[in-house]
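So you can see what is in the structure, the chains are spelled out below.
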Amino acid sequence: MQTDRHPGRSAVRRSRTILAAGLLAGLLALSGCGAGDSASDASSGDSKKAIAAGERGAADATAGKTAQDPQEAGGSSAEKKPDALPAGTHVIRTATLSVEVKSVPKAAAAARSVAESSGGLVAREETERVDDTHEMSHIVLRVPQGEYDAVLRDLAGAGKLLSRTSSAKDVTDQVVDVASRIATQRASVARVRKLMDRAEKLTDVVALEGELSSRQASLESLLAQQESLKDRTALATVTLDLTEPETVAEDGDDDPGFLDALGGGWHAFVTMLRWLAMAVGAAAPFLATAAVLLLLWRLFQGRLPGRRAPRAPERSESSSTPPAS
């Protein structure tokens, strides 16, 4: 009954209820959207974190690789030999060593072994004996450039090092120049041959043959020069002089004695006889010639008086007989 009496109030309550339900629905909708946004933000944040973590991992891996690369590079450079040359560099190396050793034959054999074990060879060897007391050896070795320093150390350590000289000459420009000239000369030879194939006149063929011979000779000279440079840059030249220490005779008494005087007198006597014999031998042809001339002179002198002697008695007989009466 009361509701029927106040219809306006009930309408107001309904409107309030609807409004409250609408506000509640709006709040729920807003809270759902916020939760979705936060969830999406969280998921996007997680993905960004994952990407960042991946990027950091990649960066760390790259950094570790780059840190490892210098170490490897350092290790490889440490493993490289100190005398390694840059690529494309051509150097001619020569060295001369003078070493005093106790035994020259043994030291020479060791030097040959060092050269052969390093991949080189013995280019020349000369050994001679001096004064019948000690030996000397002159050895020329050709060793690879990479073993140059090691071979020098081994050879210098074989005895007492008396002297050492070394030199290095960069011939890279010369090698490049020779290679370029060879390529140009080959192209020139090829052009002359093509012209010879096309030539029809005999005079042209003869002229082209002369030109081809000249250019071919120049090409062969350049090729020989290239081979020489290749050999000298691939193998270093080491000249080794081996000598033995001079033995000094140790005398207990420096003053000469009777035996020394006797030996000196005998040596002087033998020397005098030797010189007299040499003088007689040198004068023998002249003495023989003089003896022959003297003999001939005496023979002729003896014959001339013998011919005149028979004539003198005839004259005396003719003068001594009286005339007949």
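It should be emphasised that the depicted structure is a prediction, and the values quoted were computed from it without experimental measurement.

## Re the pattern of salt bridges
- For the structure on display, the rule yields 6 salt bridges.
- With its nearest N and O atoms 3.8 Å apart, the salt bridge here joins Arg124 to Glu126.
- The exposure class of Arg124 is partly exposed, given its relative accessible area of 42%.
- The partner of Asp231 in a salt bridge is Arg142, and the shortest N-O contact between them spans 3.2 Å. Remark: Arg142 occurs in strand β3 (residues 134-144) and Asp231 occurs in helix α6 (residues 202-234); sequence separation between them is 89 residues.
- Overall, Asp231 belongs to the partly exposed group, its relative accessible area being 35%.

## Some remarks on α6
- The end-to-end C-alpha separation of α6 is 47 Å, in line with the 48 Å expected for 33 residues at 1.5 Å each.
- Along its buried surface, α6 packs onto β1 (91-100), α5 (172-198) and β5 (235-243).

## Topic: the side chain of Glu244
- Tracing the sequence through the fold places Glu244 in the loop between β5 and α7 (258-308).
- In this structure Glu244 is buried but unpaired, with Arg129 as the nearest side chain of opposite charge at 5.9 Å.
- Among the polar contacts listed, one links the side chain of Glu244 to the backbone nitrogen of Val104, at a separation of 3.1 Å.
- Engagement of the side chain of Glu244 in a polar contact is seen with the backbone nitrogen of Glu135, the distance being 3.3 Å.
- The contacts of Glu244, once residues within four sequence positions are left out, are Glu100, Val101, Lys102, Ser103, Val104, Pro105, Thr133, His134 and Glu135.

## So, α5
- Here α5 is 27 residues long and its end C-alpha atoms lie 40 Å apart, about the 39 Å a rise of 1.5 Å per residue gives.
- Among the residues of α5, Thr172, Val175, Val178, Ile182, Gln185, Ser188, Val189 and Val192 are the ones counted as buried.

## Focus: the sheet that holds β3
- Strand order in the open sheet formed by 5 strands is β2-β3-β5-β1-β4, and the pairing between neighbours is mixed. On the outer flanks of this sheet lie β2 (121-130) and β4 (160-170), each paired with one strand and no other. When the angles between neighbouring strand axes are averaged without regard to direction, this sheet yields 10°.
- Summarising the sheet, β3 and β5 pair through 9 bridges and their orientation is antiparallel. Looking across to β5, one finds that Val143 is bridged to Ala236.
- Its contacts with the sheet place α6 against β1, β3 and β5, and it is angled at close to 60° to β5.

## Quick look at a nonpolar patch on the surface
- Together, Val292, Leu293, Leu295, Leu296, Leu299 and Phe300 line one region of the surface with nonpolar side chains, adding up to about 600 Å² of accessible area.
- Tracing the backbone through its elements, the reader meets Phe300 in helix α7.

## Observations concerning the nonpolar core
- In this structure, Ile139, Leu155, Val238, Leu240 and Leu242 are the most contacted members of the largest nonpolar core, which totals 21 residues.
- For this core, the secondary structure elements donating two or more residues are β1, α3 (104-117), β3, α4 (148-156) and β5.
- It is α3 that contributes the most residues to this core, 6 residues altogether.
- Discounting chain neighbours no more than four positions away, the residues touching Val238 are Ala95, Ile139, Val140, Leu141, Val143, Tyr148, Leu152 and Leu155.
- Counting 12 residues, the second-largest nonpolar core is a separate cluster that includes Ile92, Val171, Val178 and Leu222.

Definitions and limits used
- Residues numbered from 1 in each chain as written.
- Predicted model: local features only at pLDDT ≥ 70, side-chain atom pairs only at ≥ 80, totals over all residues.
- Heavy atoms only, no water.
- Salt bridge = Lys/Arg side-chain N within 4 Å of Asp/Glu carboxyl O.
- Buried < 20%, exposed > 50% of the residue type's maximum accessible area, 1.4 Å probe, protein only.
- Helix = DSSP H or I, 4+ residues; strand = E, 2+ residues; numbered from the N terminus.
- Expected span 1.5 Å × (residues − 1).
- Contact = heavy atoms within 4.5 Å.
- Lys, Arg positive; Asp, Glu negative; His and termini not counted.
- Polar contact = N/O pair within 3.5 Å; in protein donor to acceptor, adjacent residues only side chain to side chain.
- Pairing = 2+ DSSP bridges.
- Axes fitted to C-alpha atoms, helices over the stretch in contact; angles between N-to-C directions.
- Patch = residues over 30% accessible without salt bridge, like charges linked within 9 Å, V, L, I, M, F, W, Y side chains within 5 Å.
- Areas by Shrake-Rupley, 256 points an atom, 1.4 Å probe, with all protein chains shown as cover.
- Core = buried A, V, L, I, M, F, W, Y, C linked by side-chain atoms within 4.5 Å.

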